[in-house]
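Analysis of the macromolecular model
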Amino acid sequence: MRNFILLLSFTIISFLFAIFTSGEILYYIFFVNVALLSLSFLYAAIAILSISIEIDIDSTEINVDDKIKYSIKIKNKFFLPLAFVSIDENNRKFFPIATNLNSFQKKVIKRNVLFKKRGIYTVGPIVIKVKDPFSIFQMKKTVNRQYNIVVYPKAYDIPFDLPLASDVGGFASRAKQFEDYTNLANLREYVDGDSLKKIHWRISAKLQKLYVKEYQYTALSEVNILWDLYKNHYKADDGNIDEMTAECVLSLAKYCLTNGIPVRLVDYETNKPLAQCSRVKDFSIIKFWTLKLFPIYEIDFDRKLLEYVSGLPRDFTMAIVTPSIDEKLLAALSQININQNIAIFYTNKDRLDEKTKNRLGNSGIKITSWRDMYESVHMEVQHN
């Protein structure tokens, strides 16, 4: 732009001097400048139209700490060389590419990007800029093609020690909603108050008395995951604790679903289920929510815990995933007196003091350090 202004100013001045002085040389200078401006503009305009560009991405779904490879293919379809070409793919990890292209030349620029945090990242739209050989004019065009790269937290294959309300596969319960109508347990005589739907009409007709069917009572254990998203618990975090907490949530859900244990992920804001999953193929739902949930909430976690517990039925297992175990949380846990099975997965990089561990142990609450769990997996991988 600066060269354009200087040359244009010089062209105008030479034209004015030529008019007032009728100098032949000044007219020559004026026409040379006009020709230079015209040819430079024409060159830049044709050059920007002659460039084609493509992006080739290996994968659009990866995990944290994984690299993604993609290449930018650029081609000059112009018979003249292009001296100044700039490519900006709107990726903050990289500076714009400055290159040149010979006649009909094709280049491939390769990128390797390491993602340290979960989320959805974009590559594109791509902005291409071309200058003429004298850098007088700059033309640009935008390739409005955008690629989304989804970065999930890592999910480790780790066995979790959960204080389940029952053995995996079912537990005895007398609640009517847990009756298994596929498993007949007994027949007995009808008494007032029995449902007519349970009468075994064929046997009753044969024995001339009303008999009702009794079924086995079974229900699957369910793990309710409470993810601490209170932002003050992540104040001193550089992002690592947040990622470790998300990894713990995802690994826990994977373990449960792989072993046939239903999982409920709780919404921090409303205490309502965000996801209720019972099959391995439902794991993608939990993965989706790990991209949406971040520690941005103002409400203390101990308050959310008490609010949620008040609406829970008996014999449900709670898995609390938190980077902070303070006096408020300990006080809230001491108020829970509903025969609840609680496990806490502590995700802070700092060790938990023995006094707090003992207090939790005396309350019958199991505490597990997520840092120790995943570090043991890393060591095992290194030894192998």
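The paragraphs below set out a description of the structure included in this document.

**Remarks on the pattern of salt bridges**
Enumeration according to the criterion identifies 14 salt bridges in this entry. In this structure, Glu-243 and Arg-118 form a salt bridge, with 3.2 Å as the shortest nitrogen-oxygen distance. Taken as a pair, Glu-243 in helix 4 (residues 240–258) and Arg-118 in the loop between strand 6 (106–114) and strand 7 (119–123) lie far apart in primary sequence, 125 residues in all. Of the two residues examined, Glu-243 and Arg-118, each falls in the buried class. Glu-307 serves as the salt-bridge partner of Arg-303, at 3.8 Å between the closest nitrogen and oxygen. Of the two residues, Arg-303 and Glu-307 are both situated in helix 6 (residues 301–310); the distance of four residues between them amounts to about one turn of the helix. With a relative accessible area of 47%, Arg-303 lands in the partly exposed category. The class of Glu-307 is partly exposed, set by a relative accessible area of 34%. A network of salt bridges, in which partner residues are shared, links Arg-118, Asp-242 and Glu-243.

**Brief notes about the sheet that holds strand 3 (residues 67–76)**
As a general point, the strands of a sheet are linked pairwise by backbone hydrogen bonds and lie either parallel or antiparallel. Taken in spatial order, the three strands line up as 1-3-6 in an open sheet, and their pairing is antiparallel. With one partner strand each, in any of the chains shown, strand 1 (51–57) and strand 6 form the two edges of the open sheet. Going from strand to strand, the sheet's axes swing by 20° on average, the running direction of each strand aside. Bridge count between strand 3 and strand 6: nine bridges; the pairing is antiparallel. By the bridge assignment, Tyr-70 is partnered in strand 6 with Arg-111.

**Here we look at unusual backbone geometry**
Non-glycine residue Phe-104 carries a positive phi angle of around 55°. Among the secondary structure elements, Phe-104 is positioned in the loop between strand 5 (97–101) and strand 6.

Analysis parameters
Residues numbered from 1 in each chain as written. Predicted model: local features only at pLDDT ≥ 70, side-chain atom pairs only at ≥ 80, totals over all residues. Heavy atoms only, no water. Salt bridge = Lys/Arg side-chain N within 4 Å of Asp/Glu carboxyl O. Helix = DSSP H or I, 4+ residues; strand = E, 2+ residues; numbered from the N terminus. Buried < 20%, exposed > 50% of the residue type's maximum accessible area, 1.4 Å probe, protein only. Pairing = 2+ DSSP bridges. Axes fitted to C-alpha atoms, helices over the stretch in contact; angles between N-to-C directions.

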